[in-house]
Amino acid sequence: MKRYSKLIIAAIIALIFIGTFMFLWQKSQPKETVYNEFTPSVKDIRKTTIITGKIEPRNEVNIKPQISGIIVELYKEPGEFVNAGDVIAKVKVIPDMGQLSSADMRVRLAQINLKQAETDYQREENLYNQKLVSADEFDKVKQALNQAKHEKLAAEDALQIVRDGVSKSNAKASSTLVRSTISGVILDIPVKVGNSVILANTMNDGTTIATVAKMNDLIFRGNIDETEVGQLVNGMPLKITIGALQDLKFDAALEYISPKAVESNGANQFEIKAAVKLAEGGKIRSGYSANAEIVLASAEKVLSVPESAIEFSGDSTFVYVVKNDGKQKTYKRTPVVTGLSDGVNIEIKKGITAKDKVRGPEIVTEDKEK
């Protein structure tokens, strides 16, 4: 019985040894290399580039006060539409003490001059009625009285403007009322009631009361790399995509290419602008991030193969044409002339026909990956 047990154990060990040997022998045998194969096809090839940028109004106007003072009323809010001339805010004047004193002195002086002119006029009128002075002399005194009256009115207006920012004679064009200079949508009102504001002068740009823009006239502004800017011309179409609006797409036309580059992240970039063509009823907000796709070059209905089937060697390009003589499949290295590439497919100008089949990349099996 023990003898039979030993024979069985020996047989099992022999089978394991033989099985291991066969497995290792099979693994050591060279595997046949299998390649993808492609048939050239006729298609349109377009070389495109994606430009990142944003949507903004073509004209964005900052509305500023005509006088310095404090905001006492705000009549509009961001997002509202305003017409040119609509009042956005009201400013209360904080008069300059020096200017106020000077204007007050001017009024006092005008009153003195007017009183003297009235006295002279009454005296001259009596003499004229008695025919003791000529009409010419009397007219001069009368003219001086009229001038004194106008000077007093002008001095009072000047005092009111310095003190209140408005006078009786120009109440409709009050400088205390900040009006929109264009028709459009209010994008921002960066001030609040109680804020101090100043008018623009040679020393500063003044306080912006509101920003107004025409939202039906928008542009796309972005930057393109120096390696691609040479292929652009004004009028080229762009396809604009705004990801924040569920991939909303619309057309645009290139209208500006900067003549000067700016450095960005170590690369030279050129600014471009494109006029946006909004769909009827489309609502776009200023500042949306957007991508613009632009076709740099195109080839219509040309013979093409996947670029992965091309072998690049110096300035030459080759493909491996499939040859099948019935016994064994072979590949013939064939020179070709290539054209435009979109990064996936490449144009074949010369070297093969649509009836040929070319070799692609090697098919990697799981065994090879391991």
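This one's a predicted model, so the numbers in the text were calculated from it and none came from an experiment. (Residues numbered from 1 in each chain as written. Predicted model: local features only at pLDDT ≥ 70, side-chain atom pairs only at ≥ 80, totals over all residues. Heavy atoms only, no water.)

Asker: Whenever I open this one, the overall build of the protein chain confuses me. Can you help?
Answerer: Helix and strand counts for the protein chain come out as five helices and 20 strands. Considering the protein chain as a whole, with its 370 residues, one finds that 29% of them fall into the buried category. Of the roughly 24300 Å² of accessible surface on the protein chain, a fraction of 52% belongs to carbon and sulfur atoms. (Helix = DSSP H or I, 4+ residues; strand = E, 2+ residues; numbered from the N terminus. Buried < 20%, exposed > 50% of the residue type's maximum accessible area, 1.4 Å probe, protein only. Areas by Shrake-Rupley, 256 points an atom, 1.4 Å probe, with all protein chains shown as cover.)

Asker: So what exactly am I meant to see when it comes to the layout of surface pockets here?
Answerer: Vacant regions in the atomic arrangement are exposed by a probe of water-molecule size rolled over the atoms. Of the volumes computed, that of the largest pocket is approximately 470 Å³. Considering the residues around the largest pocket, the lining is formed by 19 residues, among which Val-185, Met-215, Lys-283, Ile-284 and Arg-285 are closest to the centre. Counting residues per element, the lining of the largest pocket draws most heavily on strand E8 (residues 184–188), which supplies four residues. Partitioning the lining of the largest pocket into residue classes produces 10 nonpolar, six polar and three charged. (1 Å grid on protein atoms, 1.4 Å probe; cavity = no way out; pocket = protein on both sides within 12 Å on 5 of 7 lines; lining within 4 Å. Points joined across faces, edges and corners; volume = space filled by probe spheres on them. Nonpolar A, V, L, I, M, F, W, Y, C, P; charged D, E, K, R; others polar.)

Asker: Help me out: how do you make sense of a nonpolar patch on the surface in this one?
Answerer: Together, Ile-8, Ile-12 and Ile-16 line one region of the surface with nonpolar side chains, adding up to about 300 Å² of accessible area. Within the secondary structure, Ile-8 is located in helix H1 (residues 2–28). Take Ile-8: its relative accessible area is 53%, and that puts it in the exposed class. (Patch = residues over 30% accessible without salt bridge, like charges linked within 9 Å, V, L, I, M, F, W, Y side chains within 5 Å. Salt bridge = Lys/Arg side-chain N within 4 Å of Asp/Glu carboxyl O.)

Asker: Even after reading the chapter, I still don't get the pattern of salt bridges, so can you show me in this structure?
Answerer: Pairing between side chains of opposite charge can happen when the charged atoms of each approach one another. For the coordinates displayed, the defined rule picks out 11 salt bridges. Where Glu-151 meets Arg-106, a salt bridge forms, and the shortest distance between an N and an O atom there is 3.2 Å. Within this pair, whereas Glu-151 is found in helix H3 (residues 135–164), its partner Arg-106 is found in helix H2 (residues 97–129), the two being separated by 45 residues in sequence. The class for Glu-151 is partly exposed, based on a relative accessible area of 33%. On the basis of relative accessible area, Arg-106 is assigned to the partly exposed category, the value being 35%. Between Arg-221 and Glu-271 there is a salt bridge; the shortest N-O distance is 2.8 Å.

Asker: It is not clear to me how the sheet that holds E8 should be interpreted in this structure. Could you clarify?
Answerer: Whenever strands of a sheet pair, they do so through backbone hydrogen bonds, lying parallel or antiparallel. Spatial ordering of the open sheet is given by E3-E10-E8-E5, a layout of four strands whose pairing is antiparallel. A single partner strand is all that each edge strand has here, and the edge strands are strand E3 (60–63) and strand E5 (81–82). In terms of strand pairing, E5 meets E8 through two bridges, oriented antiparallel. Its bridge partner lying in E8, Val-82 is registered against Gly-184. (Pairing = 2+ DSSP bridges.)

Asker: Looking at this structure, how should I read the environment of Arg-221?
Answerer: As for its position among the elements, Arg-221 is in strand E11 (residues 218–225). Along the primary structure Arg-221 and Ala-292 are separated by 71 residues, whereas in three dimensions their C-alpha atoms are 9.4 Å apart. Apart from the residues within four sequence positions on either side, Arg-221 is in contact with Gly-53, Lys-54, Glu-56, Glu-271, Ile-272 and Lys-273. At 2.5 Å, the side chain of Arg-221 and the side chain of Glu-56 are in polar contact. Only 2.8 Å separates the side chain of Arg-221 from the side chain of Glu-271, close enough to count as a polar contact. (Contact = heavy atoms within 4.5 Å. Polar contact = N/O pair within 3.5 Å; in protein donor to acceptor, adjacent residues only side chain to side chain.)

Asker: Explanation requested: the packing of aromatic side chains in the structure shown.
Answerer: Remark: the centre distance and the inter-plane angle together describe each pair of aromatic rings, the angle taken between the planes. Scanning all chains against the criterion turns up zero aromatic pairs. Cation over ring: Arg-359 sits above Tyr-331, and NZ or CZ is 5.2 Å from the ring centre. (Phe/Tyr/Trp six-rings, centres within 6.5 Å; stacked < 30°, edge-to-face > 60°. Lys NZ or Arg CZ within 6 Å of the ring centre and 35° of its normal.)

Asker: What's the story with the sheet that holds strand E9 (residues 196–197) in this structure? I'm lost.
Answerer: An order of E7-E6-E4-E9 is seen for the four strands of this open sheet, with the pairing classed as antiparallel. With partners counted over all chains shown, the strands left at the sheet margins are strand E7 (177–179) and E9, one partner each. As paired elements, strand E4 (residues 69–74) and strand E6 (residues 87–93) share five bridges and run antiparallel to each other. Among the inter-strand pairings, Ile-70 is bridged to a residue of E6, identified as Lys-92.

Don't take any of this as a statement about function, it's just geometry.
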